[in-house]
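Survey of secondary and tertiary structure
Each chain, written out:
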Amino acid sequence: MPESPRDQILKLRQEIQRHEELYRKKHAPEISDFEFDKLVDQLADLERQFPADAGPDLGIGDDKSEGFQQADHRAPMLSLDNTYDEADFRAFGERLYKALGGSGLEFIVEPKVDGVAVSLTFEKGRFVRAVTRGNGARGDDVTANVSLIRSIPRTLSGAPDLLEVRGEIYMELVEFQRLNREREAAGEPLYANPRNLAAGTVKLLDAEEAKRRQLSIVCYGLGACEPANAFATLKEFKQQLAAWGFPIRDDIAVQQGIDAAWQAIQQLDVLRRDLPFPTDGAVVKVNRLEDQRRAGTTSKFPHWAVAFKFPPDQAETVLRSISMQVGRTGAITPVAELDPVLLAGSTVARATLHNADEIARKDIREGDTVRIQKAGEIIPQVLSVVVAKRPADSQPFNFEARLKELGLDAVRVGDEAAYKLRAPSRDMKIRRLVHFASKQCLDIDGLGDAVAEQLIDLGLVDAPVDALKLNRGEWMMLEGFKEKSVDNMVAGLAQAKQRELWRAIHALGIPNVGMQTAKDLARHFQSMDALEAAKPSDLLHTKVGKKGGVSYESVISGVGVEVSESILSFFSDPNHRDWVQAMRSAGLNLIEAASAATVAGVAGKTFVLTGTLPTLGRDEARDLIEKAGGKVSGSVSKKTDYVVAGEEAGSKLTKAQELGVAVIDEAALRALLGN
Ligand code: IVH
């Protein structure tokens, strides 16, 4: 029986909500924007046809997340309606001509930057805050991380008293690739695309890590403005932005009429391939602000602007075989080996297939002709199979059988998507050892790929820690090692044993624990013993809401649900506890050296930060306190020594007053810190 419209609507709504969550909260979408927009359009059509079965607004696009102060937008931050073909686009033009009465319409045509929208507020010409779109009326205050973008001017001369500048924060492709090369070298999973990484970085609570990732911005819009008549056209506003020093895009001149605007879109489709940021479309806006006001808005979109989305680049090719890639942690990723094909300016010969479920869901088989796509994502995806071109003798792909053929003894644990090797392979052992000795871990000079291979093949090393205990005779067994090189290696190992605690933590290769998290863990736990003994509640605070829902609050920056599960599961493996024991008996330093800058009065004290401090960013304040030997916690309890309160402090301040915890301001904090 066909589904009733009511059921169809319900199902679509659930599906859309699931994808929205994957995109906004997890920054890990499973489908492209193009596919997502299609679902949203389908729902809108159905709800128009069957208004009685329509549900409440889904709030798509709301990016607000936990752990941020919020701020109101003085003028709403609207989104854009999408068009996908010429007819759609011309209909937008028709509506405008009707509303505004005919001739003389001017348009601005810009690239649609694929990033995160942000509103920059300037009061009396001074930059005061940066806020995400949120639900359009109220968003997250992300001033701390946005302040790291150098190209945003801090003061504007001759600016209106109040000015909201709207723009898009993005990550340049070269920066995205640089960060992914680092991830690859460290054996960590790669970031999916620049947009998600930019969104994740804007919301990062870890200041050090945020500083390492370079964000950029393009400004394109006017929010609230007092006095309101400061600008007559968008073009004029953009020129003023450029004069103040904001980065803007001015690729295309003002266009007279909708035909010219359509031509400009075609021009942009060519231009965009050479832009340094990802774009998935063009934005067309009415130039004169008076015309914009007359055209008006819906609750979500302006009538005076529209996005034209370029279809993602796709190609058809033959999938010759499926190979298996084994990561440092033993996780297996299936990869499509393709007949090379030209796609979006580069030759593609491989595409990720994610995991076994993905292959089964799309029924992807060796020998199939497949459609592949590159849409913002740098790593191509296999979209679907062209079933009509399937060879007659084709067989469904048997994932487990293939693993067996390849001699890969892998299992799937719990609800994880990936198969993982049960015992480490030669390759994994080598990579683990190289990671252990790398610059970002114990930094053992001379222990690179070639030496690691020999150590594993000769059976001298199994677990990476074994390398710390080799004697001179054993080192002499390696090709090319003579008295002198053995001396150097022994001296290098002695040095490696004295290094900082975070290096030993990073060297363990705990999945999802990168260098920055290792540093945070070292600072928080102060010793390997304490980290090894950590209970779930030491890593993450659990809160049960009134309706029984559970939410988590990070205790350590960068340690959320996934990372804490990873840490707990790592240390629950007796093998891994043996490694730590071997580290101890080899004499490796496993405690955090006392910070030289420890300040009496702060050391050992617990602080809670709330509200906006006059000059210090949240992360800056945290850093100063931690460097002086203090701790920063997310919630107020009887154990809290000081609550540092700034403007618009909320419930934490009230709680402190109830519990009689000392409340201080930034000046008093600085006094405690001795500066
Ligand atoms: S104008 C009311 N211009 O696309 C005007 N938006 O899908 C709204 N975007 O929320 C924005 N490049 O985050 C505008 N040149 C551009 C843009 C742009 C990217 C983003 C923006 C907006 C979203 C709508």
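See the structure shown above.
Summary of the structure given here.

Scoring rules and cut-offs
- Residues numbered from 1 in each chain as written.
- Predicted model: local features only at pLDDT ≥ 70, side-chain atom pairs only at ≥ 80, totals over all residues.
- Heavy atoms only, no water.
- Pairing = 2+ DSSP bridges.
- Helix = DSSP H or I, 4+ residues; strand = E, 2+ residues; numbered from the N terminus.
- Axes fitted to C-alpha atoms, helices over the stretch in contact; angles between N-to-C directions.
- Parallel < 35°, antiparallel > 145°, perpendicular 65-115°, else oblique.
- Left-handed = near helix turned anticlockwise from the far one by under 90°.
- Contact = heavy atoms within 4.5 Å.
- Near = heavy atom within 4 Å.
- Polar contact = N/O pair within 3.5 Å; in protein donor to acceptor, adjacent residues only side chain to side chain.
- Areas by Shrake-Rupley, 256 points an atom, 1.4 Å probe, with all protein chains shown as cover.
- Nonpolar A, V, L, I, M, F, W, Y, C, P; charged D, E, K, R; others polar.
- Buried < 20%, exposed > 50% of the residue type's maximum accessible area, 1.4 Å probe, protein only.
- 1 Å grid on protein atoms, 1.4 Å probe; cavity = no way out; pocket = protein on both sides within 12 Å on 5 of 7 lines; lining within 4 Å.
- Points joined across faces, edges and corners; volume = space filled by probe spheres on them.
- Phe/Tyr/Trp six-rings, centres within 6.5 Å; stacked < 30°, edge-to-face > 60°.
- Expected span 1.5 Å × (residues − 1).
- Salt bridge = Lys/Arg side-chain N within 4 Å of Asp/Glu carboxyl O.
- Core = buried A, V, L, I, M, F, W, Y, C linked by side-chain atoms within 4.5 Å.

**Some thoughts on the sheet that holds strand 24 (residues 662-664)**
The strand order across the open sheet formed by four strands is 22-21-23-24, and the pairing between neighbours is parallel. Strands with a single pairing partner mark the edges of an open sheet, and in this sheet they are strand 22 (631-633) and strand 24. Across the sheet, the mean angle separating the axes of adjacent strands is 35° when strand polarity is ignored. Bridge count for strand 21 (residues 606-610) against strand 23 (residues 642-645) is four bridges, and the pairing is parallel. By the bridge assignment, V608 is partnered in strand 23 with V643.

**As for the packing of helix 3 (residues 86-100) against helix 9 (residues 257-271)**
With their axes 10 Å apart at the nearest point, helix 3 and helix 9 run at an angle of 150° to one another. With respect to their mutual orientation, helix 3 and helix 9 come out roughly antiparallel. Note on packing geometry: the crossing formed by helix 3 with helix 9 is right-handed. Residues E86, F89, R90, F92, G93 and Y97 of helix 3 touch helix 9, and the partners they reach there are G257, I258, D259, A261, W262 and I265.

**What to know about the site of the ligand**
Neighbouring residues of the ligand: 14 residues in total, closest E110, K112, V113, E168 and K285. E168 places a side-chain nitrogen or oxygen 2.6 Å from an oxygen atom of the ligand. Between the ligand and the protein, one listed contact pairs a nitrogen atom with a side-chain N or O atom of K285 at 2.9 Å. Taking 520 Å² as the accessible area of the ligand by itself, protein coverage stands at 87%. Elements that contribute at least two residues to the shell around the ligand include exactly strand 3 (106-113) and strand 10 (279-286). Here the shell around the ligand is composed, by residue class, of nine nonpolar, one polar and four charged.

**Overview of the pairing of strand 16 (residues 381-385)**
When you tally the buried positions in strand 16, you get four out of five residues, the bulk of the element. As judged from the four bridges shared by strand 15 (residues 369-374) and strand 16, these two strands associate in the antiparallel manner. In the sheet register, R371 faces strand 16, and the bridge partner there is S384.

**Observations regarding empty space enclosed by the protein**
Counted according to the given criterion, the structure contains four cavities of 30 Å³ or more. Counted as a void, the second largest cavity has a volume near 70 Å³. The wall of the second largest cavity is formed by 13 residues, among which I108, K235, K238, D250 and I252 lie closest to the centre. For the lining of the second largest cavity, the secondary structure elements donating two or more residues are strand 3 and helix 8 (234-244). Grouping the amino acids of the lining of the second largest cavity by side-chain chemistry returns six nonpolar, one polar and six charged.

**Some thoughts on the packing of aromatic side chains**
As enumerated under the stated definition, the model contains 15 aromatic pairs in all. Considering the side-chain rings of F89 and W262, the 5.7 Å spacing of their centres and the 35° angle between planes classify their relative orientation as tilted. Pair noted here: F89 is in helix 3 and W262 is in helix 9, with a separation of 173 residues, a long-range link. Each member of the pair F89 and W262 is classed as buried. Note on W475 and F481: the rings are 5.9 Å apart at their centroids and 15° apart in plane angle, and the pair reads as stacked.

**Comments concerning unusual backbone geometry**
P227 follows E226 through a cis peptide bond whose omega is 0°. As for its position among the elements, P227 is in the loop between strand 8 (216-226) and helix 8. For K124, which is not glycine, the phi torsion reads 45° and is therefore positive. Looking at the element boundaries, K124 is found in the loop between strand 4 (116-123) and strand 5 (126-132). Of the residues examined, K124 reaches a relative accessible area of 67% and is grouped as exposed. Even without a glycine there, the phi angle at E648 is positive, about 55°. Here E648 lies in the loop between strand 23 and helix 24 (651-659).

**Some points on helix 23 (residues 618-627)**
Every buried residue of helix 23 is listed here: D619, A621, D623, I625 and E626. The first or second residue beyond helix 23 is G629, which carries a positive phi of 95°.

**Considering helix 1 (residues 5-24)**
Relative to the 28 Å expected for 20 residues at 1.5 Å per residue, helix 1 spans 28 Å between its end C-alpha atoms, a close match to the ideal helical length. Of all the positions in helix 1, only I9, L12, R13, I16, H19, E20, L22 and Y23 are classed as buried. Where helix 1 is buried, its residues touch helix 2 (33-49) and helix 6 (194-202).

**Observations concerning the pattern of salt bridges**
Here the structure, examined in full by the defined rule, presents 55 salt bridges. Between R288 and E106 there is a salt bridge whose closest N-O contact spans 3.7 Å. Of the two residues, R288 is situated in the loop between strand 10 and helix 10 (289-295) and E106 in strand 3; the sequence distance between them amounts to 182 residues. Taking the relative accessible area as the measure of exposure, R288 reaches 31% and is therefore partly exposed. Among the ionic contacts, a cluster of salt bridges with common partners joins E175, R178, E182, E209, R212 and R213.

**Description of the side chain of R166**
Its place among the elements puts R166 in strand 7 (residues 162-170). Of the polar contacts made by the side chain of R166, one reaches the side chain of E164; its length is 2.5 Å. When sequence neighbours within four positions are dropped, the list of residues in contact with R166 reads H73, A75, P76, M77, V118, S119, C219, Y220, G221, L222, G223 and A224.

**Some remarks on the nonpolar core**
Residues I444, L447, L455, W475, L521 and M528 are the most contacted members of the largest nonpolar core, which totals 56 residues. Those elements that provide at least two residues to this core are helix 13 (426-437), helix 14 (449-457), helix 16 (483-496), helix 17 (501-507), helix 18 (515-525), helix 19 (528-532), helix 21 (561-571) and helix 22 (574-585). Residue contributions to this core peak at five residues, all from helix 17. If sequence neighbours within four positions are ignored, I444 has contacts with F436, A437, L468, M489, L493 and A496. Of all hydrophobic cores here, the second largest spans 36 residues; its members include V118, A130, L163 and L241.

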